[in-house]
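As a plain string of letters, each chain reads:
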Amino acid sequence: MWDYTEKVLDHFRNPRNVGIVEEPDGIGEVGSMACGDALKLSFKLDGDGRIADAKFQTFGCASAIASSSALTEIIKGMSLEEAAKVTNKDIADYLGGLPEQKQHCSVMGREALELAIENYRTGQSAGKKQLEGTVTCKCFGVTEAEIERVVRENNLTRVEQVTDYCKAGGGCGMCQPEIEKIIEKVRLEILQSKSAQSPAPRRPLTNIQRIHLIEETIEREIRPLLKNDGGDIELVDVQGNKVIVAFRGMCANCQIAPFTMKDVVEAKLREFVADDIIAVEAEP
Amino acid sequence: MKNVYLDNNATTMVAPEVIQAMQPFFEAFWGNPSSMHAFGGEVRRHIDTARAAVADLLGAEPGEIIFTGCGTESDNMAIHGALEAADRPLNIITSRVEHLAVLSTCRHAAETRGCRLIELGVDGAGQLDLAELRKALAEGPALVSLMWANNETGVVFPIEEIAAIVKQAGGLFHTDAVQAVGKVPIDLRNVPVDMLSLSGHKLHAAKGIGALYVRKGTRIVPLLHGGHQEEGKRAGTENVPYIVGLGRACELSAAHMAEEAEAVPKLRDRLEQGLLASCPDVYVNGDRNNRLPNTTNVSFEFIEGEAILYDLNDLGIAASSGSACTSGSLEPSHVLRAMGVPFTRAHGSVRFSLSRYTTAEEVDYVIERMPGIARRLRALSPFAST
């Protein structure tokens, strides 16, 4: 059995808002019987443009039914602007979480909601999913844009997660390399947008933090380089901006130790800890 | 709450007689059967008795029975063992409706050993086209692995005929009989099967014990190398309590076979007829004329299997489904798909599998409650007209 929350089971056993609202303002339909789940969402607005009533019909497993029921509860009373911001995560959170392999049920809810809103805004009778752009997963009809979106919104890193969230890659599996590429692309974009934001000004380190950072830099950045040549290094003391170290192994008697001190040890410490560090060798 | 267990193709209740038979081997008889003292000698005799009981149920010789850890191990041992022992590369012939223990093993063996793999298709009833088997056998020397009975639909292959065809073509024949042993009579004196897999927990023994029948003269290379246990064919200290339990379970199966052959299919048919009569848009999957006596696989249109199972579970009824959501993947059962059952029906499929412990009252309870479940879920479904 799945590890469903009590809330999921409650919404499955006692689904809220089943059916189609009379004279709906918006209808959205996603999925199909062949896909294993499908959702038809309809809503009606009140005089202020808020969602007065929302109803669903769902073919699918317990979590698909629960997600649809939760969705209708979430959006009732919302303005369309608010409803447009509802994410699949909001649906999953409302239910106290969904098993990873069932996240696609919450995505189906979000998709149906978007289609219903679009149906209201454009007045087009469709309200059904149109496959626009490149279709990456042909088994389940999932586009590149949809995959990019679930990766971005849910911070996904692995192909199996993408399958859990939108089914892509869960059929014949042929598109899995494509999905891998999409994940890489989106993650790179996220990384770039993060580094583009100006870094927060560094707060001054306490002495203890400073020593930890020096130790960490020696461990991670400096020692491996020296070990390549059979050498080693030991931190002896830190006095203000002066870092006192001792060379060991091959480095201890090395002719070019002074250069190593300046170009490796000091350079790395300046890069990772502070610009004004001076590295010196301990008195023997 | 009621407790109606109709998922006996998944696993069975351990028979009280089996537990009773196993008990002393945790307490008094804990010796190693290989030992040269009384602690072991006593235990060895009980293993011999169990081996004879398994052999009797199959119409085999005790020396042809190798105890294993499970049905999956038996399948792996048969397939890899026979390919490894063959003096020339063999083609592998299997079917698209095999249990994954066979299908995945064949695919893996073909890939790693560079063998050619031929997967035979089935028709809408889940039956093979034997002409296709003959054609595949004509392609060269082969190991054939075809199941005796299907775990999902209960469809029984004509194993006697298949074995004869394979032997005539000079092939090696393995059958996964995990679902058949104990449910239908098997007499290997009359059916030229070379290897046969069985699993204890499908016939009221405990989980963690299986057996492989290897006909005398059939060469296989062991999967597990080590000591001389099981005549060197399966090293490792014998799992004595479970072996004894399997022996007892086989005795019970033999004793109950005639009575079960009468009672179980009656109950199964009562359930099937009851569901067909009380729920609209219900279909039976698989060949109803050649089927295990205990299995029915029915599809409820417009609703999904996992949801049905959860509703059944709320009523204390245990069953299985071939829907995507229950298979742990996103696609419905590979068996139903191979049969060409439309996706829409496969998603709404439910398997009920009975046992000698199933009662008429339990069956009637399911018949009584199922229409309500179908109505409730169809009322939620966008596809149902009602």
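Residues numbered from 1 in each chain as written. Chains lettered and ligands numbered in written order. Predicted model: local features only at pLDDT ≥ 70, side-chain atom pairs only at ≥ 80, totals over all residues. Heavy atoms only, no water.

Asker: Sorry, what's going on with the overall build of chain A here?
Answerer: Along its length, chain A carries 10 helices and 8 strands. For 284 residues, the compact-globule estimate of 2.2 N^0.38 gives 19 Å, and chain A exceeds it by more than 25% at 29 Å. By principal-axis analysis of the C-alpha atoms, chain A measures approximately 90 × 45 × 40 Å. Within chain A, the fraction of its 284 residues that count as buried is 44%. For chain A, the proportion of contacts with a sequence separation of at least 24, taken over those separated by at least 6, is 56%. Carbon and sulfur atoms form 50% of the exposed surface of chain A, whose accessible area is close to 15,000 Å². (Helix = DSSP H or I, 4+ residues; strand = E, 2+ residues; numbered from the N terminus. Rg over C-alpha atoms; globule rule 2.2 N^0.38 Å. Buried < 20%, exposed > 50% of the residue type's maximum accessible area, 1.4 Å probe, protein only. Contact = heavy atoms within 4.5 Å. Areas by Shrake-Rupley, 256 points an atom, 1.4 Å probe, with all protein chains shown as cover.)

Asker: Would you mind going over the overall build of chain B with me for this structure?
Answerer: Looking only at helices and strands, one finds 13 helices and 13 strands in chain B. On C-alpha atoms alone, chain B measures out to a radius of gyration of 22 Å, which is about the 21 Å that the 2.2 N^0.38 rule sets for 386 residues. Expressed as lengths along the three principal axes of its C-alpha atoms, the size of chain B is roughly 70 × 55 × 35 Å. If you take every contact in chain B between residues at least 6 apart in sequence, the share linking residues at least 24 apart comes to 72%. Just so you have it, chain B exposes about 15,100 Å², and 52% of that area is on carbon and sulfur atoms. A gap of 1 Å separates the mean positions of the 35 positive and 46 negative side-chain charges of chain B. (Lys, Arg positive; Asp, Glu negative; His and termini not counted. Charge placed at Lys NZ, Arg CZ, Asp CG, Glu CD.)

Asker: Honestly, the confidence of the model for chain A in this entry has me stumped. Any pointers?
Answerer: Do not read the fine detail of predicted coordinates wherever pLDDT is low. Averaged over every residue, the pLDDT of chain A is 88; residues scoring 70 or more account for 95%. Highest mean pLDDT in chain A belongs to helix α1 (residues 6-13) of chain A (97); lowest belongs to helix α10 (residues 257-272) of chain A (85). (pLDDT = per-residue confidence, 0-100.)

Asker: Quick question: what am I supposed to make of the confidence of the model for chain B here?
Answerer: Residues with a pLDDT of 70 or more make up 98% of chain B, whose mean pLDDT is 95. Reported confidences for the modelled complex are a pTM of 0.81 and an ipTM of 0.89.

Asker: What exactly am I supposed to notice about the side chain of T217(A) here?
Answerer: Locating T217(A) in the fold gives a position in helix α9 (residues 207-228). Discounting residues that sit within four places of it in the chain, T217(A) has contacts with I222(A), K268(A), L269(A), F272(A) and V273(A).

Asker: How should I be thinking about the interface of chain A and chain B in this particular structure?
Answerer: Interface size is commonly expressed as the accessible surface area that is lost when the partners come together. Contact with chain A, which involves 31 residues of that partner, is made by 22 residues of chain B. It is F12(A), M33(A) and F59(A) that lose the most area in chain A upon contact with chain B, and together they represent 28% of the buried surface on that side. At the surface where chain A touches chain B, the tally comes to 2 salt bridges. As a salt-bridge pair, K102(A) and E306(B) come within 2.5 Å of each other at their nearest N and O atoms. Here chain A is connected to chain B by 11 residue pairs in polar contact (both at pLDDT 80 or more). Going through the elements one at a time, α1, β2 (37-45), β3 (51-59) and α2 (62-75) of chain A are the ones with two or more residues in the side of chain A that touches chain B. Its residues assigned to classes, the side of chain A that touches chain B shows 17 nonpolar, 10 polar and 4 charged. (Buried area = accessible area lost by both parts, 1.4 Å probe. Salt bridge = Lys/Arg side-chain N within 4 Å of Asp/Glu carboxyl O. Polar contact = N/O pair within 3.5 Å; in protein donor to acceptor, adjacent residues only side chain to side chain. Nonpolar A, V, L, I, M, F, W, Y, C, P; charged D, E, K, R; others polar.)

Asker: Honestly, the side chain of S320(B) in this entry has me stumped. Any pointers?
Answerer: All names here are of chain B. Within the fold, S320 resides in strand β12 (residues 320-321). A relative accessible area of 15% means that S320 is categorised as buried. Looking at S320, its side chain comes within polar contact range of the side chain of D7, at 2.8 Å. Among residues more than four places away in sequence, those in contact with S320 are D7, L309, S349, V350 and R351.

Asker: What is the right way to read the pattern of salt bridges from this model?
Answerer: When charged atoms on two side chains of opposite charge get close, those side chains can pair. In the structure shown here, the tally under the stated rule is 44 salt bridges over all chains. Taken together, the shared-partner salt bridges in this structure form one network comprising R110(A), E114(A), R149(A) and E153(A).

Asker: Is there a simple way to explain the sheet that holds strand β8 (residues 278-281) of chain A in this structure?
Answerer: Two modes of strand pairing occur in sheets, parallel and antiparallel, and in both the strands are linked by backbone hydrogen bonds. All names here are of chain A. Reading across the sheet, the 3 strands line up as β6-β7-β8 and stay open at both edges, with mixed pairing between neighbours. Both edges of this open sheet fall to β6 (231-239) and β8, since each of them pairs with a single strand only. Averaged over neighbouring strand pairs, the angle between their axes works out to 35 degrees when direction is ignored. Two strands pair when backbone bridges link them, and β6 and strand β7 (residues 242-249) are joined in this way by 8 bridges, in the antiparallel orientation. Bridge pairing in β7 links D232 to R248. The strands touched by α9 within the sheet are β6 and β7, with β6 carrying the most contacts at an inclination of about 160 degrees. (Pairing = 2+ DSSP bridges. Axes fitted to C-alpha atoms, helices over the stretch in contact; angles between N-to-C directions.)

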